[in-house]
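The lines below spell out each chain.
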Amino acid sequence: MAASSSLLHPSFASSLTYKRKRFHQNPKPPTSRLSPTVISCTSSTLDPSSSSNNTPAVTKHRRPADENIRDEARRQRSSAANTFSAKYVPFNAGPDSREWYSLDEIVYRSRSGGLLDVQHDMEALKKFDGAYWRDLFDSRVGKTTWPYGSGVWSKKEWVLPEIDPDDIVSAFEGNSNLFWAERFGKQFLGMNDLWVKHCGISHTGSFKDLGMTVLVSQVNRLRKMKRPVVGVGCASTGDTSAALSAYCASAGIPSIVFLPANKISIAQLVQPIANGAFVLSIDTDFDGCMKLIREVTSELPIYLANSLNSLRLEGQKTAAIEILQQFDWEVPDWVIVPGGNLGNIYAFYKGFKMCHELGLVSRIPRLVCAQAANANPLYLYYKSGWEEFKPVKANSTFASAIQIGDPVSIDRAVYALKNSNGIVEEATEEELMDAMAQADSTGMFICPHTGVALTALIKLRNSGVIGAMDRTVVVSTAHGLKFTQSKVDYHSKAIPDMACRFANPPVQVKADFGAVMDVLKRYLGNKAPK
């Protein structure tokens, strides 16, 4: 499938057609079943045969100066009853299971000790066809109307349908860039349709914001309901704690963070500190921190924020919906996601699956989960033919956020991969750092975890599994600015037992015109077109 112009974002390219279509072919109006107000432009004068230079007459009323966007949303809110709902059910429970819990209950595991999942009332959602949902979601992109300016809450009916917008805690996260990685794809892979979904362009610099806005919003609701929640806690390798502390600070909710000592970057550590979290640096790894936080939250009124809590996955799944939206609701062939605690690969599957089941698209993409070889329990399980899962002792990796040997969401990940004809790949430390350096050399500035995903792509492309013309999306989970020390070490060739083949260290030269000219001439001579 040919890619569009590198200067034209797919969502922008499609908006010209889609917005015009909405003016002339209005979707079915929302009935009383739909509680949120649909954002739309109004025009009664647009002539379909008019020149493309003519623009529709848009009526926009500025809200009163003393009214904020929450007040405006409250004033415009429909009084109609909301008939969409969601609940907790045991993950992958059979049709005969009668066990379920309200989202307003504080519960993390099923009665049998298994994972929970958020199940939506699909029959209620199916009363509206795929075209309706596509148009509704598209109509909210780029708006500042509360809370739909968020890439997560623009899909509110599919996330937390029953929450009051007043309880939502949002930094208008999501809506992250999906860009055509033209040079990297062509130069290193012979691919013409490679894309990167940069979830690191977000409020705290990682995809974790997508889930945390949902979880903290629900906690805000529970506290208003006088439920026994004093604070919110998590074990973290960095990004989760940054997101949790930021959203809790926004809502005035205490946050408690368990971090493995000396195992995360300074940029990641400073975020929860700056946002006022109570940070415990514990002499163990992530798995040890996770064990402790689960024990603590069972004894104290602290709400558990790790991905054991399935609420976060409801926000993270919206990144998958965004990808489809940005491709004008066309489905890519492959989506590659780095995996550590493994909630994200299931969240992407869930987002794609909901779009398929509700008629927005006709199929789902194949998923690839990419793991660091130093923390690869899912990869080993996959290579064994799914025979037996064995946790591993995670060794140190530059992809520190996925340095997890006993992932909580292992069952979710296996389910997602089996149902998407998925694949698991791994990346050694040298492979992921080389991939990161190669990507950066083409104008990106990625995190080591994205280097893991790119390594998986390189291997699958070289083996012929992924074709030259396959539309492929690599999910970049965090911003490269959080991991500058790893880049400094690589380009300084300061990493033991690593060749750092693509290092680009500064050239030392005397403060002399002739010396500078000699160095520049040699450089330019090597760069001249052959």
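Residues numbered from 1 in each chain as written. Predicted model: local features only at pLDDT ≥ 70, side-chain atom pairs only at ≥ 80, totals over all residues. Heavy atoms only, no water.

The secondary structure content of the protein amounts to 18 helices and twelve strands. Classification of the 530 residues of the protein by burial places 54% in the buried group. Long-range pairs, those at least 24 residues apart, make up 71% of the contacts in the protein between residues at least 6 apart in sequence. Summed over its atoms, the accessible surface of the protein is roughly 23,400 Å², and 52% of this surface lies on carbon and sulfur atoms. (Helix = DSSP H or I, 4+ residues; strand = E, 2+ residues; numbered from the N terminus. Buried < 20%, exposed > 50% of the residue type's maximum accessible area, 1.4 Å probe, protein only. Contact = heavy atoms within 4.5 Å. Areas by Shrake-Rupley, 256 points an atom, 1.4 Å probe, with all protein chains shown as cover.)

Ordered in space as 3-4-12-9-10-11, the six strands form an open sheet in which the pairing is mixed. The open sheet has two free edges, formed respectively by strand 3 (178-180) and strand 11 (423-427), since each of these has just one partner strand. This sheet shows a mean twist of 25 degrees between the axes of neighbouring strands, independent of strand direction. This element, helix 11 (residues 318-326), spans strand 3, strand 4 (194-198) and strand 12 (472-476) of the sheet and lies at about 135 degrees to strand 4. (Pairing = 2+ DSSP bridges. Axes fitted to C-alpha atoms, helices over the stretch in contact; angles between N-to-C directions.)

A word on the UniProt feature "modified residue: N6-(pyridoxal phosphate)lysine" (unreviewed entry) in the protein. Residues annotated in UniProt with the feature "modified residue: N6-(pyridoxal phosphate)lysine" (unreviewed entry) correspond here to K208. For K208, the location among the structural elements is in helix 6 (residues 208-224). (UniProt positions renumbered as here; feature names shortened; annotations may be inferred.)

Turning to the side chain of N306, a few remarks are in order. Structurally, N306 can be placed in the loop between strand 8 (302-304) and helix 10 (311-316). For N306, the side chain forms a polar contact with the main-chain oxygen of A235, separated by 2.7 Å. (Polar contact = N/O pair within 3.5 Å; in protein donor to acceptor, adjacent residues only side chain to side chain.)

A few words on unusual backbone geometry. Omega for the peptide link from W146 to P147 comes to -5 degrees, which places this bond in the cis form. The residue P147 is located in the loop between helix 4 (130-140) and strand 3 in this model. With a phi angle near 60 degrees, N92 is a residue other than glycine that sits in the positive phi range. A positive phi angle, near 50 degrees, is found at C500, a position not held by glycine. On the secondary structure map, C500 appears in the loop between helix 17 (484-491) and helix 18 (513-527). Since its relative accessible area comes to 1%, C500 is described here as buried.

Bringing the nonpolar core into the picture now. In this structure, W133, W158, Y303 and L378 are the most contacted members of the largest nonpolar core, which totals 107 residues. Looking at this core element by element, the count peaks at eight residues for helix 12 (residues 343-357). Counting residues in hydrophobic clusters, the runner-up holds 36 residues, among them L189, A370, A427 and I495. (Core = buried A, V, L, I, M, F, W, Y, C linked by side-chain atoms within 4.5 Å.)

Before going further, it helps to examine the pattern of salt bridges. For the structure shown, the criterion picks out 25 salt bridges. A salt bridge links D193 to R471; the shortest N-O distance between them is 3.1 Å. One end of the pair, D193, is in the loop between helix 5 (182-189) and strand 4; the other, R471, is in the loop between helix 16 (448-462) and strand 12, and 278 residues separate them in sequence. Overall, R471 belongs to the buried group, its relative accessible area being 6%. For R363, the salt bridge goes to D333, with nearest N and O atoms at 3.6 Å. One end of the pair, R363, is in the loop between helix 12 and strand 10 (366-372); the other, D333, is in the loop between helix 11 and strand 9 (334-338), and 30 residues separate them in sequence. Of the residues examined, R363 reaches a relative accessible area of 34% and is grouped as partly exposed. D333 gets classed as partly exposed once you look at its relative accessible area, which sits at 25%. (Salt bridge = Lys/Arg side-chain N within 4 Å of Asp/Glu carboxyl O.)

Moving on to the pairing of strand 1 (residues 86-90). For strand 1, the buried fraction is high: four of the five residues fall into the buried class. Bridge count for strand 1 against strand 2 (residues 116-120) is five bridges, and the pairing is antiparallel. Looking across to strand 2, one finds that K87 is bridged to Q119.

Neighbouring strands of a sheet are bound in pairs by backbone hydrogen bonds; such pairs are parallel or else antiparallel. An order of 7-6-5-8 is seen for the four strands of this open sheet, with the pairing classed as parallel. The open sheet terminates on both sides in strands that have one partner only, identified here as strand 7 (278-282) and strand 8. Each adjacent strand pair in this sheet contributes to an overall mean axis angle of 25 degrees, direction not counted. Bridge count between strand 5 (residues 231-235) and strand 6 (residues 255-260): four bridges; the pairing is parallel. Each residue of the ladder has a partner; that of G233, found in strand 6, is I256. On top of the sheet, helix 6 reaches strand 5 and strand 8; it is set at about 145 degrees to strand 8, its chief contact.

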